[in-house]
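What follows is each chain in one-letter form.
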Amino acid sequence: MRFHCLQHMPDEGPGHIADWLAAHGHSLTFTRLFEPRPVFPELKEFDGLVILGGAMSVHDEEGCPWLVPEKAFIKEVLRAGKITLAICLGAQLVALALGAEVRPNHEPEIGFWTVRFSSKSLEHPLLLGWPEKAAVLHWHLDTFTLPPGAMRVGMSAGCATQGFVWGDGIIGLQFHPEFTVEMVEKLMEFENHETAEEQQFVQTAEQIRSKMKSVWKGRKLLESLMANMVALHEGELLA
């Protein structure tokens, strides 16, 4: 299966996604939006889309003018019915394209926090094999309302909408199952998180490092999700 990735920042790459795709013989191409004059592929050039996170907001078009063509491209992909995995900023962009509102969360949510997945969403073909709950990495200030016609994936104590599935093959996740240990360390360095103080839903750098084994819980979720996406594309799963 041919996947294409929209990457917003140099250090927020596909992580475990790229590892899984390479191990299972699938291809991965990129549009790196932090580079000059990013180019989006034609729809016929890929089967599935991955949209990653980033420090910017979906509303930062003035400072990030590439958001304008990216939003148009995402709408084109959704209209075409391409299988899509969108994470954090990516999920917010897809939610916006589907008619949801993207706004600041009531509190920042940073660190490893437990997400409880809805029993109904666990019946969706993309989420087959997921557990009822998992401690996963969060790093966001914004959130989104549930898009019209979408199903809520789950919630955490700090965020009411931790993801959604829309139709048969589109999923947006507010949390980060793709992050490796090295990526978490780079993100803390980029965000100068060593000096961050504990808040209601913000863990310190020391607390995050003490829970770093939870990266592998995110990886297990991602491996099941990627396998389900490929099976759905190949017609092995019935929606």
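Residues numbered from 1 in each chain as written. Predicted model: local features only at pLDDT ≥ 70, side-chain atom pairs only at ≥ 80, totals over all residues. Heavy atoms only, no water.

## Notes on the UniProt feature "domain: Glutamine amidotransferase" (unreviewed entry) in the protein
Item 1. In the numbering used here, UniProt assigns the "domain: Glutamine amidotransferase" (unreviewed entry) feature to residues 42-183.
Item 2. Segment residues 42-183 splits into 18% helix and 35% strand. End C-alpha atoms: 30 Å apart. (UniProt positions renumbered as here; feature names shortened; annotations may be inferred. Helix = DSSP H or I, 4+ residues; strand = E, 2+ residues; numbered from the N terminus.)

## Here we look at unusual backbone geometry
Most peptide bonds are trans, and most residues other than glycine sit at a negative phi.
Item 1. One non-glycine residue, Cys 88, adopts positive backbone phi at about 55°.
Item 2. Along the chain, Cys 88 falls in the loop between strand S4 (83-87) and helix H3 (89-97).
Item 3. Even without being a glycine, Asn 192 presents a positive backbone phi close to 55°.
Item 4. Assignment of secondary structure puts Asn 192 in the loop between helix H4 (181-190) and helix H5 (205-210).
Item 5. You can call Asn 192 exposed: its relative accessible area is 51%. (Buried < 20%, exposed > 50% of the residue type's maximum accessible area, 1.4 Å probe, protein only.)

## Notes on helix H6 (residues 215-233)
The periodicity of an α-helix, 3.6 residues per turn, causes residues three or four places apart in sequence to face the same way.
Item 1. Counted at 1.5 Å a residue, the expected span for H6 with its 19 residues is 27 Å, and the 27 Å between its end C-alpha atoms agrees.
Item 2. Inspection of H6 places Val 215, Gly 218, Leu 221, Leu 222, Leu 225, Met 226, Asn 228, Met 229, Val 230, Ala 231 and Leu 232 among the buried residues, and these make up the whole buried set.
Item 3. One or two residues past the end of H6 sits Gly 235, with phi positive at roughly 80°. (Expected span 1.5 Å × (residues − 1).)

## A look at the layout of surface pockets
Where empty space is left in the structure can be found by rolling a water-sized probe over the atoms.
Item 1. Reported here for the largest pocket is a volume of approximately 300 Å³.
Item 2. Residue lining of the largest pocket: 19 residues in total, with Gly 54, Ala 55, Trp 139, His 140 and Leu 141 positioned closest to the centre.
Item 3. When residues of the lining of the largest pocket are traced back to their parent elements, those giving at least two are H3, strand S6 (133-144) and H4.
Item 4. Top contributing element to the lining of the largest pocket by residue count: S6, with four residues.
Item 5. For the lining of the largest pocket, the class distribution of residues is ten nonpolar, six polar and three charged. (1 Å grid on protein atoms, 1.4 Å probe; cavity = no way out; pocket = protein on both sides within 12 Å on 5 of 7 lines; lining within 4 Å. Points joined across faces, edges and corners; volume = space filled by probe spheres on them. Nonpolar A, V, L, I, M, F, W, Y, C, P; charged D, E, K, R; others polar.)

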